[in-house]
Amino acid sequence: MARPETPSHGLSLLILAFFLGIAATNQDGPYLDDNSPTKSTADHHDESLLLNSDSLPIFLEEPQDSYVVKNRPAVLKCRAAHALKLYFKCNGAKNVETSKFDFVDPQNGVRIMEAETNVSRDMVEEFFGKDKFKCECYAWSGRGSIKSQSATIDVAYMKKTFEENPMSTRVEMGHQTELRCVPPVGVPPPRIYWLQGAQPLQPDTSVLVSTEGHLLIGEARAQDTNNYTCVAENIAAKRMAPPAEVIVYVNGGWSPWSPWTECRCPGATLSSGKMSTRTCTHPPPSNGGLPCQGLSVRKTKDCITCPQEELVLDNAYDYGSYDNSYVEPARWSQWSEWSHCNSDCLKTRRRQCILGNGQGRRTCNGKDTQTTSCSSEQCRSMELSRVREANLENTKNDIAIYIGVTVAVFFVSMLSFFLTRMYWKKNRHQSLYNMASNDYHPEFFPEQDKKSLSLQPDLTQTVPPCYEYPYTTPATSVTRSVSEHHYDVPHLTSGSDIQMSPATSSTLESSSGKRSQLSGFTNNSDSTYEVATESVTLPLPAAYAVTPTTSGNYTSATVTHSGAFLNLLESGVSLVVPEGAISRTKKQELFLSILNEDCFRPKLAENLTQLSPVVSCGPNISLNKSVVLRIPHCAELSRNNWSISVLQSDCSDSQWQNAVTLGQETINTSVFCQLDKDAGYLVTDCLSRFVIVGQSTNGMALKRLKLAVFAPKLCFQSSVDYSIRVYVLEDTDSSMETVFGQEKRLGGYLLGEPRSIVFQDGGSNLCLTLDNLSEGWKTKPCSNYQEIPFRHLWQASSNSLHCSFTLESYEISRCLNFKIRVNQKGFEYHQTFDITCKDDSDISISKTSSGKVVPKITIQSETNRNDTKKMIDFGHSPKSAKFKEEVKMTKNLIVTDRGVSTCDDFNFRLSRQLRKQLCQCLDPPTPRGNDWRMLAHALSVDRYINFFATKPSPTDCILDLWEARNRQSNALTELKQIFSDMERFDAVNILDNCLGPNWL
């Protein structure tokens, strides 16, 4: 029965031990207090916190304000107790590299952690925040984390020039004077002290240094005459002002009159009259002081004058009459000011001897010149000046040599260039018919030769034809021998310079799969070419120049100093060449094109995907300013899980290089990418090929794909099989270029407006299902469901990826209804095409999932080659109405069956004078930060603001990017509002003054 009572018995023992411990503590307390030093309540509290391991961390040492001196970083230290992790953060976000170590205090057993970090000069100078560069120490434990006080880090410096140098002065003994000294600007503020001669000045009751650093002499003494040097010093540098000389002078004073004595000549026994004298020795004049004024001798009228006696008299006075018989001796004038230091570091001063009258002394005793050494600081300055003058002379001689060598190299280079050009002209073969395409280099042939050797246009045609190099099939092409060159020069056949009569044109197929590029155009044949016989034209006024010389994915222009805007209207690709990018005395032919051929797509790594078309601009010339290139992309940026990069390739090769990765830019990055929702804007100094690629950071990135369904007309069906092709492309405006060219040759028509679908990274395939077939039609076995592998879409190597559904007609039917459902495997989002086809060439499409009505598209085409007209009915959709309006307002419109491109007369919204005034207003940094940095933030282009800081004018570069991104009519109004929000009303006034009161 004793076992159940065991718990209660143990609890009783614990309670008894607890009370005994309290009693022992109360008994031992007074005894301990009598033999130990007394501690305050605060000390007990701190010690209890330190020993309590369950509390938050406690800072034992917090970081203090520090300075970066030259290239020596600032060191921040932090120490905390009860911390599991100790680290620094600067400016609230940036984690800096921290070195830390921990130990256990042997006295109290508390774990203490110390951390130390170095803040370099580059880190401080690259920070463009409104506040100063600040760092905090964070201590973390299982109970939570605490933050230390902020430590401000600044770059220590001191300018070389004093704001105000002390000036030499003269002061009368007993009077006061002041030597003012304002030190150079420096961080931290410099400390000021004075040197008396070469020794530090010891202040006393007469000589003081004010709190502002000025030297005050309250009562001048003779020993205060000296050279005084103002010294400014902080942790970064030490500066010494030129020495200032203080001269304490004494004005002469008369001694008391001597007693009256008899006037008696030497050797004479008789006297006549009386005289009294005084001297200028109470005190005597010194340091250039004024001599005594008045009489030094007084005498009675009957006082005789001895002929041999030399009396030093200024005037003679006899109580009522003057005696002019006294002699005035020769005397020295006052000393002149000290001269400047000569080449031997010596300075001199001079005085003149003033001759006396009568029998006075004709010469003065002493020297008329004094020479002394200059101060060490002045000698050092003179030595530096001589070295500087010698270096300047050497630099002038070197510059003359460099200019001569440069001119000689230039003339030799020009001579070599002309000799090489003459050699090529002399030795080249004039016939191009026997030359293979790989050997043809168009840059070595003049334009007149190309024109003379190319086929001439048929002047009887009213509408010029269009030429292209599309994908060919055996059913639509004619094979020609490689050696057959009787009627064409294949190297010169391109859409830009060949016009051919439709009556004599033919469709040819290449015998080789190679492709060559000529001035931005692509050719899929080595020796023959394919000529399309139809061209699309729009009814335009006769005043507009409509030419078929370029297709919708190519445009060019002659650009001058005024700048230009090259725009591919339907592709969303444009190039802004700002004013001043081309030299004032030059004209440059620039081109812009989209390379839709598969051979131009970059071969990407497994985790990368292409997000934009390949855009080429050139030629690669030297530009004075950066241009802005707009490239559309298909990345879905709402989730912020993309790592976007821009690849760059020289037009002369196919090697792609990483131009920039967003978020990893440095000051040496040559390309800046501003990524908007649907397009990227590249600010670059180099013209070449560009493409935007991306990598999913967490496997959840989305890209937009475009779906397009094509099929032939029912009335053209001559067999029981009916092929439906579903294309899956990147969702950009230019992705349909290649597809339209292929489907035109296959006789296919677009069934409905192309639609977009999001495609997620992760490896899931794209599923396509065809169902709801109308009666009389059936799919081939196991062909109504298809999957496109994820890798074929994420790393697509073709611009015309598609899958086909083949239908069979088992009874005569001229009506076809079907649905195509597209979705990614494992995801609910899908797109559905509900299509109805009839034998009257009419294709009707139901409403899309978004509820918008698809515009009706009607294409009229005849098989007769003489009919070269095509008509496109754009319907009444807002998009087509907008396009018509742009067509009416655009000059130099280029229209072909592949699209519309423009190179119109582009007017910059900000004139050169207006832009110059805005740059002068916003380029200088302001204490409030409402300068170009705030403008970049307001325009949302401050992701890597250091790129603009490296430009000669950050504001000018930001406004170039603004010109490219903001083409809407209210852009200037929004810019004015931004200036108002920045409280830069001077910029607002500049806009109003330059644009006038009615510009809004």
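Bear in mind the structure is a predicted one, so any value in this text is a computation, not a measurement.

Trainee: Got a minute to help me understand the pattern of salt bridges in this structure?
Mentor: In total, this model carries 32 salt bridges according to the counting rule given. Here arginine 965 and aspartate 676 are joined by a salt bridge, their closest N and O atoms 3.1 Å apart. Highlighted residues: arginine 965 in helix H12 (residues 954–965) and aspartate 676 in the loop between strand E42 (671–675) and strand E43 (679–684), separated in sequence by 289 residues. Taking the shortest distance from any N to any O, the salt bridge between arginine 933 and aspartate 931 comes out at 2.8 Å. Given a relative accessible area of 15%, arginine 933 falls into the buried group. By sharing partners, the salt bridges in this structure join Lys625, Arg915, Asp956, Asp960, Glu963 and Arg967 into a single network.

Trainee: What's the story with the pairing of strand E6 (residues 99–104) in this structure? I'm lost.
Mentor: As a general feature of sheets, a regular strand has side chains that alternate between the two faces. Pairing analysis gives 6 bridges linking E6 to strand E7 (residues 111–119), with the strands arranged antiparallel. By the bridge assignment for E7, phenylalanine 101 is matched with glutamate 114. Adjacent in sequence and paired antiparallel, E6 and E7 are bridged by 6 residues, among which glycine 109 carries a positive phi angle near 75°.

Trainee: For this particular structure, what's the right way to read the sheet that holds E7?
Mentor: The pairing of strands in a sheet happens through backbone hydrogen bonds and is either parallel or antiparallel. Reading across from one edge, E1-E3-E7-E6 is the order of the 4 strands in this open sheet, with antiparallel pairing throughout. Every other strand in the sheet has two partners, leaving strand E1 (58–61) and E6 as the edge strands with one partner each. Looking at each pair of strands side by side, their axes are set apart by 25° on average, direction ignored.

Trainee: Hey, could you run me through the state of the cysteines in this one?
Mentor: The term disulfide refers to a covalent linkage connecting the sulfur atoms of a pair of cysteines. The tally for this structure, following the rule as stated, stands at 7 disulfides. Between the sulfur atoms of cysteine 90 and its disulfide partner cysteine 135 the distance amounts to 2.0 Å. Because the sign of the S-S torsion sets the handedness, a value of about 95° for the bond joining cysteine 90 and cysteine 135 places this disulfide among the right-handed ones. Placement of cysteine 90 in strand E4 (residues 85–90) and of cysteine 135 in strand E8 (residues 133–141) is noted, with a sequence separation of 45 residues between them. The same class applies to cysteine 90 as to cysteine 135, namely buried.

Trainee: I keep staring at a nonpolar patch on the surface and nothing clicks. Help me out?
Mentor: A contiguous nonpolar patch, built from Ile399, Ile403, Val407, Phe410, Phe411, Met414, Phe417 and Phe418 and spanning about 800 Å² of accessible area, is present on the exposed surface. The residue isoleucine 403 is located in helix H4 (residues 376–427) in this model. The exposure class of isoleucine 403 is exposed, given its relative accessible area of 51%.

Trainee: It is not clear to me how the sheet that holds strand E23 (residues 297–299) should be interpreted in this structure. Could you clarify?
Mentor: Reading across from one edge, E21-E22-E23 is the order of the 3 strands in this open sheet, with antiparallel pairing throughout. In this open sheet, the two strands that pair with only one neighbour each are strand E21 (261–262) and E23. The pairing of E21 with strand E22 (residues 274–277) spans 2 bridges and is antiparallel. Paired with glutamate 262 across the strands is lysine 274, a residue of E22.

Trainee: Please explain the pairing of strand E40 (residues 642–649) as it appears in this structure.
Mentor: Of all 8 residues in E40, 7 are buried; the element is thus mostly enclosed. Across 8 bridges, E40 lies against strand E44 (residues 689–696) in antiparallel orientation. Following the sheet pairing, isoleucine 644 is matched in E44 by glycine 694. In this sheet, strand E41 (residues 656–661) lies alongside E40 in antiparallel orientation, the contact comprising 5 bridges.

Trainee: Quick question: what am I supposed to make of the packing of helix H13 (residues 971–981) against helix H14 (residues 985–995) here?
Mentor: Geometrically, a packed helix pair is captured by the angle between its two axes and the distance between the axes. For the pair H13 and H14, the least separation of the axes is 7 Å and the interaxial angle reads 150°. One element, H13, and the other, H14, form an angle in the roughly antiparallel class. When you trace H13 past H14, the crossing you get is left-handed. Packed against H13, whose contacting residues are Leu972, Lys976, Phe979 and Ser980, the element H14 presents Phe985, Ala987, Val988, Leu991, Asp992 and Leu995 at the interface.

Trainee: Would you explain unusual backbone geometry in this entry?
Mentor: Glycine aside, residues mostly have negative phi angles, and peptide bonds mostly take the trans form. That bond from valine 187 to proline 188 is cis: its omega, -5°, falls within 30 degrees of zero. Here proline 188 shows up in the loop between strand E13 (186–187) and strand E14 (191–196). Here the amide bond leading from histidine 282 into proline 283 is cis, since omega sits at -5°, within 30 degrees of zero. Looking at the secondary structure, you find proline 283 in the loop between E22 and E23. Positive phi outside glycine occurs at lysine 70, with the angle close to 55°. If you trace the backbone, lysine 70 turns up in the loop between strand E2 (66–69) and strand E3 (74–81). One non-glycine residue, histidine 82, lies in the positive phi region at around 60°. Here histidine 82 is to be found in the loop between E3 and E4. For histidine 82, a relative accessible area of 13% gives the class buried.

Trainee: What is the right way to read the environment of leucine 201 from this model?
Mentor: Topologically, leucine 201 is positioned in the loop between strand E15 (199–200) and strand E16 (207–209). Apart from residues lying up to four places away in sequence, leucine 201 is in contact with Trp194, Leu195, Gln196, Val207, Val209, Leu215 and Tyr228.

Trainee: Can you walk me through H13 in this structure?
Mentor: Because each turn of an α-helix spans 3.6 residues, side chains separated by three or four positions in sequence point in the same direction. Every buried residue belonging to H13 is among Ala971, Leu972, Leu975, Lys976, Ile978 and Phe979, and all of these are buried. Projected onto a plane normal to the axis of H13, the buried residues spread over an arc of 155° and lie on a single side. Where the residues of H13 are buried, they touch helix H9 (912–922), helix H10 (932–938), H12 and H14. One or two steps after H13, the chain reaches glutamate 983, where phi turns positive at roughly 60°.

Trainee: Would you explain the packing of H9 against H14 in this entry?
Mentor: Between H9 and H14, the least distance of the axes is 10 Å, while the angle of their chain directions is 170°. When the interaxial angle is binned, H9 and H14 end up roughly antiparallel. Across the interface between the two elements, Leu914, Gln917, Leu918 and Cys921 of H9 pack against Asp986, Ala987, Ile990, Leu991, Cys994 and Leu995 of H14. Residues that form the contact of H9 with H14 fall into these classes: 8 nonpolar, 1 polar and 1 charged.

The rules behind the values
Residues numbered from 1 in each chain as written. Predicted model: local features only at pLDDT ≥ 70, side-chain atom pairs only at ≥ 80, totals over all residues. Heavy atoms only, no water. Salt bridge = Lys/Arg side-chain N within 4 Å of Asp/Glu carboxyl O. Helix = DSSP H or I, 4+ residues; strand = E, 2+ residues; numbered from the N terminus. Buried < 20%, exposed > 50% of the residue type's maximum accessible area, 1.4 Å probe, protein only. Pairing = 2+ DSSP bridges. Axes fitted to C-alpha atoms, helices over the stretch in contact; angles between N-to-C directions. Disulfide = S-S within 2.5 Å. Patch = residues over 30% accessible without salt bridge, like charges linked within 9 Å, V, L, I, M, F, W, Y side chains within 5 Å. Areas by Shrake-Rupley, 256 points an atom, 1.4 Å probe, with all protein chains shown as cover. Parallel < 35°, antiparallel > 145°, perpendicular 65-115°, else oblique. Left-handed = near helix turned anticlockwise from the far one by under 90°. Contact = heavy atoms within 4.5 Å. Arc of directions from axis to C-beta. Nonpolar A, V, L, I, M, F, W, Y, C, P; charged D, E, K, R; others polar.

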